[in-house]
Amino acid sequence: MAEADRPPSYLAAGYTIRSWLTTHDHKRIGILFAIAITAFFFIGGAAATMIRIELATPAGDFVTDDTYNKLFTIHGVVMVWFFLIPSIPTTLGNFLIPMMIGARDLAFPRLNLASWYLYVLGGAFTVATLIAGGVDTGWTFYTPYSSIYSNSHVMLAVVGVFVVGFSSIFTGLNFIVTIHTMRAPGMTWFRLPLFVWATYATSLVMVLATPVLAMTLSLIGIERLLGIGVFDPALGGDPLLFQHLFWFYSHPAVYIMILPAMGVASEIITCFARNRVFGYRFMASAILAIAVIGFLVWGHHMFVSGQSVYAGFVFSFLSFVVAVPSAIKVFNWTATLYRGDISFEAPMLYALGFVGLFTIGGLTGLFLAATALDVHLRDTYFVIAHFHYIMVGGSVMAYLGGIHFWWPKITGRLYHEGIARFAAILMFCGFNLTFFPQYLLGYEGMIRRYHEYPPQFQLLNVLSSAGASILALSYLMPLAYLAWSLWRGAPATANPWQAQGLEWQTASPPPTHNFEAAPLVTHAPYAYR
Amino acid sequence: MSGFHLLEPRASTFASSYDWLFFTMVVMCSVVAIGVFVVLTVFSIRYRRGASVDRTPFSGSSHPIEYAWTITPFLIFLGIFVWAAILYAEAKTPPPGALDVSVVAKQWMWKLQHSEGRREINELHLPLGRPVRLVMTSEDVIHSFYVPAFRVKQDVLPGRYTELWFQATRTGEYPLECAEYCGTDHARMTGRIIVMQPAQYATWLSRGNLAPSMAAAGEERFRSLGCSGCHGANASVHAPKLEGVFGHPVHLSDGRTVIADESYIRDSILLPTKDVVAGFVPIMPSFQGQVSEGDLLELIAYIKSLANAAPPPRQR
């Protein structure tokens, strides 16, 4: 089609702020989310920076104890609910799901926009919490500290999380209906890209688990504001009940954070190895298995909480079971490289980094799933290292890999490949320097949420803080060069990576309605050979 | 860097078993992680773009190898699960004849009391080589009693008792830390466990503040609160006698049978209508608000001291 006949891209369909704030286009909404979550990422990152500065010395001398408690709380609240849970689904998911299945938009475009507004409203409550003086309960809000004893702005924070939870639920609902009902002719379930499977499973978890969070937060509110005993034993309540309710949501929530990242990894590795994914059906089944079994393991956060020994056995066993599909995925990604034709552009570096760091994080999860071992390690830096390996080494690296991979499609520009590769490698190194020492600190018995610590832990803490400064730099670099590419990047063709997938069959950036005609799908995904 | 050591000291019977499992896992997981890294690296180099190497696609079913690498990890995981579960059950089962110590946690300190009466704040003196059982509760929020050198940890909850046992195998001082975030001074809620030779421990105990034993203090409180009015030998009210009760089964009016442990006694004092003994009516008043956590532990120590006493003959 000649340049002049080509329909305008979705970016050109209105230049006013109003056209963005009232859009129904899933692609624009994806960008609105991307801007919002990036802002919150840097808020959460600022908190982390202050934490690591404090922990560079054993004495609690950088901030007061109360301030430190508020810092780790806001770091957790922001990173979990305002960055990790929305990140891939609301940015890449929103942008790509309709395109990957050959549709024009999501099933409920206005619900999609409402989801963004709820995110912003929840975010406003969180910022209000910060301005009002912060909350110091930890992102886990354990009772009766949060419901009775804390003198910080618990309710403001709780309302913020409650509201953003509904953003999650709306997004999940939208994806489920879209994937079920709007696939293009010939796009059967087993021809879907794994990113769609991953988003689908994530959406199921979002819709089923998040309401439990909403209820649990409401119960904190009922106790704190109305004095009705739910969790405080002095009022006839049970503090352990909170933990069961909270972790019933928050464990599946971590699968909301990792499953989309696994989907992104599959898309990138197949493209840059120019190979079909090894074991497509096992990969899709593993995604669903993780989502389902992920609902059954919450008590592994409670092995020393006062839960019964027998419950401990059941949750431990199921936690080992849920590790099996994750292992399968790692082996299959590795096998996808076999006899491939591999190149190492920035997305591939991020994806390979994801596989390596997720492997380490997942293996350390086995330590924590083992009841006896968890006794010593729980609430130490071992746990912190474990979940950062998965959430940062895993999810954040995959998110950035996806942003780089689909950047040409989303923006119509190419980023500078050399700087991007350097940043990816810098991130991998900075990440390991930050978090690997924390495994050692955990085994040594350094407790989490402590702003001061015994002097023998200083060496490892200094290494960790040094790593954090490198990691911070490696996050600022993409912000800079990606933004720069919007003005000065080379224009991108429809398919600069020669990738398979319906999203690459349309222009970069795509027109508002995505495809001129509904595509017809005739073969399996990843037809790289 | 004073005291920096890579290997945390092992000072309890559990710590040795723990480290065997821990380091087996370290070796096993390292092998897997290194294996994955090596294969990723070898494939990345061998099949890089531009290398002239055979790339004919793998033909044949992927299922055999996929089943293999599904079932093998599962079996290994099962083995770890069983090993850990056995250790965990052991860690949760105090042996008979353990030395009992009461622990009351509050923001931001540990209050400990030996059954002989001696109290300690943020420190616990113990004899070497004898199992010690802690009965713990909190006055406010959830705390957690953690001794890294012993590899033991247990959350301490308000409104209930949790227990922790260990047997020290080396004399010395070991850090005690609060391992559940509990507010402003969570990081300062630390202390020491001081393990001594049994003879030195006995000396320390006898030289301590001359407080009455917990059981004696409990007996005094039993009288002063009026408990003996109903439960005593000459009471005219039909109430269960408490001799020979602790540690033995109790038949309840709803048909259940429970073992009378610390939690049962505590609940009987604070929530007397919860577990009513068979053959009695729920007329006992609650003492909620009239007894502190420390008082309760002393009362329980007194009732425990009656565990092997015979009920007094009924006076008519």
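**Comments concerning the overall build of chain A**
- Summing up its helical and strand segments, chain A has 16 helices and zero strands in all.
- Taken against the 2.2 N^0.38 rule, which gives 24 Å for 529 residues, the C-alpha radius of gyration of chain A at 23 Å falls within 12% of a compact globule.
- The principal-axis extent of the C-alpha atoms belonging to chain A is close to 75 × 45 × 45 Å.
- Long-range pairs, those at least 24 residues apart, make up 85% of the contacts in chain A with a sequence separation of at least 6.

**Quick word on the overall build of chain B**
- Per the secondary structure count, chain B includes seven helices and 12 strands.
- In summary, chain B has a C-alpha radius of gyration of 27 Å against a globular reference of 20 Å for 316 residues, an excess of more than 25%.
- C-alpha atoms of chain B, sized along the principal axes, occupy 105 × 50 × 35 Å.
- A separation of at least 24 residues holds for 68% of the contacts in chain B among residues at least 6 apart in sequence.

**A few points about the interface of chain A and chain B**
- With 68 residues of chain A at the interface, the matching set in chain B holds 67 residues.
- Going through the elements one at a time, helix H3 (65-84), helix H6 (145-149), helix H9 (239-273), helix H11 (309-336), helix H12 (346-369), helix H13 (371-377), helix H15 (417-444) and helix H16 (458-488) of chain A are the ones with two or more residues in the side of chain A that touches chain B.
- At 13 residues, H11 of chain A tops the list of elements feeding residues into the side of chain A that touches chain B.
- Along the lines of polarity and charge, the residues of the side of chain A that touches chain B split into 39 nonpolar, 19 polar and 10 charged.

**Things to note about unusual backbone geometry**
Residues and elements named next belong to chain A.
- The linkage connecting threonine 143 with the following residue, proline 144, adopts the cis geometry, with an omega of -5°.
- Mapped onto the elements of the fold, proline 144 is located in the loop between helix H5 (109-132) and H6.
- Omega for the bond connecting serine 508 with proline 509 falls within 30 degrees of zero, at -10°, which places this linkage in the cis form.
- We note that arginine 274 has phi near 50°; this positive angle belongs to a residue other than glycine.
- Its 19 C-beta neighbours within 10 Å are what place arginine 274 among the partly exposed residues.

**Quick word on the pairing of strand E2 (residues 109-114) of chain B**
All names here are of chain B.
- Here strand E1 (residues 99-106) runs beside E2; their pairing, made up of six bridges, is antiparallel. Paired with alanine 105 across the bridge in E2 is tryptophan 110.
- Where E2 lies against strand E3 (residues 119-121), three bridges are found, and the strand directions are antiparallel. Looking across to E3, one finds that leucine 112 is bridged to glutamate 120.

**Quick look at the nonpolar core**
- The biggest cluster of nonpolar side chains holds 235 residues, and the ones touching the most others in it are Leu259, Ala265, Ile287, Ala351 and Phe354 of chain A together with Val103 of chain B.
- Per-element accounting of this core gives the leading share, 22 residues, to H9 of chain A.
- If we skip the residues at most four places from it in the chain, isoleucine 287 of chain A touches Trp197, Ala198, Ala201, Leu259 and Met262 of chain A.
- The next biggest cluster of nonpolar side chains, apart from the first, holds 19 residues, and it includes Phe222, Ala260, Leu296 and Tyr302 of chain B.

**Concerning the confidence of the model for chain B**
- Residues of chain B with pLDDT of at least 70 account for 97%, and the chain-wide mean is 92.
- Listed scores for the predicted complex are pTM 0.94 and ipTM 0.93.

**Points about the sheet that holds E1 of chain B**
Residues and elements named next belong to chain B.
- Read across the sheet, five strands follow the order E3-E2-E1-E5-E8 without closing on themselves; strand pairing throughout is mixed. Because the sheet does not close on itself, it has two edges, and the strands there are E3 and strand E8 (162-167). Pairwise comparison of adjacent strand axes, ignoring direction, gives a mean angle of 25° for this sheet.

**Looking at the environment of arginine 192 of chain B**
Residue and element names in this part refer to chain B.
- Relative to the helices and strands, arginine 192 resides in strand E10 (residues 190-196).
- Arginine 192 sits 68 residues away from leucine 124 along the chain, and the two C-alpha atoms are 6.5 Å apart.
- Look past the residues within four positions of arginine 192 in its chain and what remains in contact with it is Glu123, Glu173, Tyr174, Pro175 and Leu176.

**Topic: the domain arrangement of chain B**
Residue and element names in this part refer to chain B.
- Domain annotation of chain B identifies domain 1 (10-32 + 63-211) and domain 2 (214-305).
- Using C-alpha coordinates to define each centre, domain 1 is positioned 29 Å away from domain 2.
- Within the residue set of the side of domain 1 that touches domain 2, elements represented by two or more residues are E1 and strand E5 (131-138).
- Each residue belonging to the side of domain 1 that touches domain 2 can be placed in one class, and the counts come to three nonpolar, five polar and two charged.

**Some words on the packing of H3 of chain A against helix H7 (residues 154-181) of chain A**
Residues and elements named next belong to chain A.
- Two numbers describe how H3 lies on H7: the axes approach to 10 Å, and their chain directions differ by 15°. Put simply, H3 runs roughly parallel to H7. Crossing of H3 over H7 shows left-handed handedness. Within the contact between the two elements, H3 uses Val77, Trp81 and Phe82 and H7 uses Ala157, Val161 and Val164.
- In terms of residue class, the contact of H3 with H7 is made up of six nonpolar, no polar and no charged.

**Comments concerning the pairing of E5 of chain B**
All names here are of chain B.
- In terms of burial, E5 is largely enclosed, as six of its eight residues are buried.
- The pairing of E1 with E5 spans seven bridges and is parallel. Note on E5: the bridge partner recorded for leucine 99 is valine 132.

**Regarding the environment of tyrosine 475 of chain A**
- You can see tyrosine 475 of chain A is positioned in helix H16.
- The sequence separation of tyrosine 475 of chain A and alanine 423 of chain A amounts to 52 residues, and the corresponding C-alpha distance is 7.9 Å.

**Re the sheet that holds strand E7 (residues 152-156) of chain B**
All names here are of chain B.
- Reading across from one edge, E4-E10-E9-E6-E7 is the order of the five strands in this open sheet, with mixed pairing throughout. Of all strands in the sheet, those with a lone pairing partner are strand E4 (123-127) and E7, marking the two edges. Here the average twist between neighbouring strands, direction ignored, is 20°.
- Of the strand pairs in this sheet, strand E6 (residues 143-147) and E7 are connected by five bridges, and their pairing is antiparallel. Bridge pairing in E7 links histidine 143 to valine 156.
- On top of the sheet, helix H3 (residues 198-207) reaches E4 and E10; it is set at about 130° to E4, its chief contact.

**A few points about helix H4 (residues 87-101) of chain A**
All names here are of chain A.
- Compared with the 21 Å implied by 1.5 Å per residue over 15 residues, the 20 Å span of H4 between its first and last C-alpha is a close match.
- The sharpest bend along H4 comes to roughly 55°, located at glycine 93.
- Judged by how many residues are buried, H4 sits mostly within the fold: 15 of 15 residues are covered.
- Phi turns positive, to about 80°, at glycine 102, one or two residues after H4.

**So, the packing of H9 of chain A against H11 of chain A**
All names here are of chain A.
- Across the interface, H9 lies against H11 with an axial gap of 9 Å and an inter-helix angle of 15°. Between H9 and H11, the interaxial angle falls into the category roughly parallel. As for the relative orientation of H9 and H11, their crossing is left-handed in sense. Residues Met262, Ala265, Ile269, Thr270 and Ala273 of H9 pack against Lys329, Trp333 and Thr336 of H11.
- Considering only residue class, the contact of H9 with H11 consists of five nonpolar, two polar and one charged.

**Remarks on the environment of proline 525 of chain A**
Residue and element names in this part refer to chain A.
- Tracing the chain through its elements places proline 525 in the segment after H16.
- A residue is classified by how many C-beta atoms lie within 10 Å of it, and proline 525, with 24 of them, is buried.
- In this structure the C-alpha to C-alpha distance between proline 525 and arginine 191, which are 334 residues apart in sequence, comes to 5.5 Å.

Cut-offs and rules
- Residues numbered from 1 in each chain as written.
- Chains lettered and ligands numbered in written order.
- Predicted model: local features only at pLDDT ≥ 70, side-chain atom pairs only at ≥ 80, totals over all residues.
- Helix = DSSP H or I, 4+ residues; strand = E, 2+ residues; numbered from the N terminus.
- Rg over C-alpha atoms; globule rule 2.2 N^0.38 Å.
- Contact = placed C-beta atoms within 7 Å.
- Nonpolar A, V, L, I, M, F, W, Y, C, P; charged D, E, K, R; others polar.
- Buried ≥ 20, exposed ≤ 12 C-beta atoms within 10 Å, placed from the backbone.
- Pairing = 2+ DSSP bridges.
- Core = buried A, V, L, I, M, F, W, Y, C linked by C-beta atoms within 7 Å.
- pLDDT = per-residue confidence, 0-100.
- Axes fitted to C-alpha atoms, helices over the stretch in contact; angles between N-to-C directions.
- Domains from an automatic or database assignment.
- Parallel < 35°, antiparallel > 145°, perpendicular 65-115°, else oblique.
- Left-handed = near helix turned anticlockwise from the far one by under 90°.
- Expected span 1.5 Å × (residues − 1).
- Bend = angle between axes of the 7 residues up to and from the residue.

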